[in-house]
Amino acid sequence: MSSKRVNVEVQGGLATVTLTRADKHNGMDMPMLEAVRDAARKLRKDKRVRSVILRGDGPSFCAGLDVKSVFGDKKAAAAGFAALWSPVRNKFQDWSMAWREVPAPVIACIHGNCFGAGIQLALGADIRIAAPDAKISVMESKWGLIPDMGGAALLRELVPIDLAKELAMSGRILGGTEAHELGLVSHLADDPVDAAHKLAAEFESRSPDAVAAAKFLMQEAFGGGESAALASERRWQRRLLGSRNQRIAVARNLQKKDLPYGPRRIGA
């Protein structure tokens, strides 16, 4: 799977999604928006995929919306404005939110600039690994706008409301280290991609169904009340108990053998 804006490579159980507009610091234009949505949609259905690494080619992860490209194109600008009237999640919000539906851990590797649409894309990942010198900003206020590509929904899980307001109001640029201290970033690494590969290897040693169920359980539990969270635990556990991959996980532990897991069933 590849396009002029995004390259998707699947090796074994690892999918690497690379933004390929390096000369523009991977600024998001309409073709990139559609390519990212398409990549998430296809990987969601691919039972081979055990982990996803989301990265940017060149000097930056994603420097945000390519304002000149999107607002300079009357058709693209009109599409953006029309999307604001959608009664459901629109395609701009799919940019980040679609990765929450991929039944495998998604790891964003942040380096260089990660502004606006870039940080919102990273927030859609399950885990964010940043270089200490990365530059991160919820930058929409610089253009007289607000984050509207899933940012508000996703920031709720990571930072308190006062900090979310401050970041959205100021558009202040944070270093990777400060972003980690504030909770926007999960881990720091001089080489985020290498760190992501090591983390993906850990996930691959577990049942793909348990990993997928854990992802969806936590997303549900963090978004609802106590009763809803407990109900989610019961529902997902019912789907796992006695399943083929759960039995293989037990056998791997009791027999001390590296038995292969079967195809993922959760989310397929």
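Above: the structure in question.
In this report, the structure presented in the accompanying data block is examined.

Cut-off values and rules
- Residues numbered from 1 in each chain as written.
- Predicted model: local features only at pLDDT ≥ 70, side-chain atom pairs only at ≥ 80, totals over all residues.
- Heavy atoms only, no water.
- Salt bridge = Lys/Arg side-chain N within 4 Å of Asp/Glu carboxyl O.
- Helix = DSSP H or I, 4+ residues; strand = E, 2+ residues; numbered from the N terminus.
- Buried < 20%, exposed > 50% of the residue type's maximum accessible area, 1.4 Å probe, protein only.
- Polar contact = N/O pair within 3.5 Å; in protein donor to acceptor, adjacent residues only side chain to side chain.
- Contact = heavy atoms within 4.5 Å.
- 1 Å grid on protein atoms, 1.4 Å probe; cavity = no way out; pocket = protein on both sides within 12 Å on 5 of 7 lines; lining within 4 Å.
- Points joined across faces, edges and corners; volume = space filled by probe spheres on them.

**What about the pattern of salt bridges?**
Link 1 in the chain: One pass over the full model with this rule turns up 19 salt bridges.
Link 2 in the chain: Between Asp38 and Arg41 there is a salt bridge; the shortest N-O distance is 3.1 Å. Of this pair, Asp38 and Arg41 are both found in helix 1 (residues 30–45), 3 residues apart, which corresponds to roughly one turn of the helix.
Link 3 in the chain: Salt bridges here are not isolated pairs; linked through shared partners, they connect Glu34, Arg37, Arg44, Arg89, Lys91, Asp94 and Glu101.

**Looking at the side chain of Ser232**
Link 1 in the chain: Residue placement: Ser232 occurs in helix 11 (residues 226–240).
Link 2 in the chain: Judged by its relative accessible area of 4%, Ser232 falls in the buried class.
Link 3 in the chain: Among the polar contacts listed, one links the side chain of Ser232 to the side chain of Glu220, at a separation of 2.8 Å.
Link 4 in the chain: If sequence neighbours within four positions are ignored, Ser232 has contacts with Leu217 and Glu220.

**Here we look at the layout of surface pockets**
Link 1 in the chain: Computed from the structure, the largest pocket encloses a volume of approximately 660 Å³.
Link 2 in the chain: Forming the boundary of the largest pocket are 28 residues, of which Leu65, Phe71, Glu140, Leu145 and Asp148 lie nearest the centre.
Link 3 in the chain: Those elements giving two or more residues to the lining of the largest pocket turn out to be helix 2 (67–72), helix 3 (74–83) and helix 5 (117–123).
Link 4 in the chain: With 5 residues, helix 3 is the single largest residue contributor to the lining of the largest pocket.
Link 5 in the chain: Reported here for the second largest pocket is a volume of approximately 460 Å³.

Keep in mind these numbers describe shape, not what the thing actually does.
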